[in-house]
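# Observations on the three-dimensional arrangement
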Amino acid sequence: MPKFSKQQFAVFTISELEDAIRGVINEALKFKRSVSKSGKQYFTKKELAQEIGFSVRQIDTLRSKGEIPWIKQGRRVLFRRVDIDAWLEKGLVGGVK
């Protein structure tokens with residue numbers, strides 16, 4: 001049986017382990033959300049509605065109220081994936097902290 005010195009082991013409390021696990025889970029969830037089904041980084045309002053399960057009308061209402069981040073490129077209105085992910089994250093309630 002091999003012998004180990006105390007220097008080869010790290011000691012963590014249950015709370016520290018839970019925090020580390022939460023951190024890893026949150027990072028994994030952020031990564032998963034940042035990779036869209038289509039691989040697109042910018043969406044039209046119709047594409048965004050399909051991607052996040054909202055109606056186009058809901059997207060229009062949120063945009064007109066200034067509640068959802070968007071970009072105007074000439075006459076086109078676009079939504080960036082990273083902005084939408086951050087916006088959705090703000091609404092996170094309960095679950096993993």
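The present account deals with the structure reproduced in this document.

Cut-offs applied
Note on numbering: residues in each chain are counted from 1, in written sequence order. Given that the model is predicted, a residue must reach a pLDDT of at least 70 before its local features are reported, and side-chain atom pairs must reach 80 or more before they are shown or counted; all residues, however, enter totals for whole chains, interfaces and linings. With hydrogens and water excluded, all non-hydrogen atoms of the structure serve as input to the side-chain values. Helix numbering and strand numbering both begin at the N terminus, where a helix is a DSSP run of H or I of at least 4 residues and a strand a DSSP run of E of at least 2. Burial classification: accessible surface area is computed with a 1.4 Å probe over protein chains only, and a residue below 20% of its type maximum counts as buried, one above 50% as exposed, and the rest as partly exposed. In this analysis, two residues are considered to be in contact whenever any of their non-hydrogen atoms come within 4.5 Å of each other. The protein chains shown are the only cover counted for residues, whose accessible areas, like all others here, come from Shrake-Rupley with a 1.4 Å probe. Strands pair, by our definition, only if DSSP identifies at least two bridges between them. Orientation is described by axes fitted as lines to C-alpha atoms, over the contacting stretch for helices, and by angles from 0 to 180 degrees between their N-to-C directions. By convention in these notes, a salt bridge is any Lys or Arg side-chain nitrogen within 4 Å of a carboxyl oxygen on Asp or Glu. The term nonpolar core refers to a set of buried residues drawn from Ala, Val, Leu, Ile, Met, Phe, Trp, Tyr and Cys, joined through side-chain atoms within 4.5 Å. Stacked, edge-to-face and tilted labels apply to pairs of Phe, Tyr and Trp rings (six-membered ring for Trp) whose centres lie within 6.5 Å, assigned for plane angles under 30 degrees, over 60, and everything in between, in that order. Should the NZ of a Lys or the CZ of an Arg lie within 6 Å of a ring centre and within 35 degrees of the ring normal, that charge is described as sitting over the ring.

Time to look at the overall build of the protein chain. Within the protein chain one finds four helices and three strands. When the elements of the protein chain are put in sequence order from the N terminus, they spell out α-β-α-α-β-β-α. Taken across its 97 residues, the protein chain has 15% of its residues classed as buried. In the protein chain, of all internal contacts separated by at least 6 residues, the share reaching a separation of at least 24 is 48%. About 8,000 Å² of surface is accessible on the protein chain, with carbon and sulfur atoms providing 58% of the total.

Taken in spatial order, the three strands make up an open sheet running β1-β3-β2, and their pairing is antiparallel. Only two strands of the sheet have a single neighbouring strand rather than two, namely β1 (42-43) and β2 (71-73). Pairing of β2 with strand β3 (residues 76-80), which is carried by three bridges, proceeds in the antiparallel orientation. Note that in β3 the partner of Gln73 across the bridge is Arg76. Across the sheet, helix α4 (residues 81-90) is in contact with β1 and β3; its angle to β3 comes to roughly 60°.

On to the pattern of salt bridges, then. Per the stated rule, a full pass over the model turns up six salt bridges. Across the pair Asp19 and Arg22 runs a salt bridge whose closest N-O atoms are separated by 3.3 Å. Of this pair, Asp19 and Arg22 are both found in helix α1 (residues 14-34), three residues apart, which corresponds to roughly one turn of the helix. Taking the shortest distance from any N to any O, the salt bridge between Arg81 and Glu51 comes out at 3.0 Å. Residue Arg81 is found in helix α4, and its partner Glu51 is found in helix α2 (residues 45-52); the two are separated by 30 residues along the sequence.

Side chains that are nonpolar tend, in soluble globular proteins, to be buried together. In this structure, Phe43, Leu48, Ala49, Ile52, Ile59, Leu62, Ile68, Phe79, Ile84 and Trp87 together form the largest nonpolar core, which totals ten residues. Contributing elements (two or more residues each) for this core: α2, α3 (56-64) and α4. No other element matches the three residues that α2 contributes to this core. In this view, Leu62 contacts Phe54, Glu67, Ile68 and Trp87; residues no more than four positions away in its chain are not counted.

In this section: the packing of aromatic side chains. Taken as a whole and assessed by the stated rule, the structure comprises one aromatic pair. Just above the ring of Trp70 sits the side chain of Arg63; from NZ or CZ to the centre is 4.7 Å.

What is shown is where atoms sit, not what they do.
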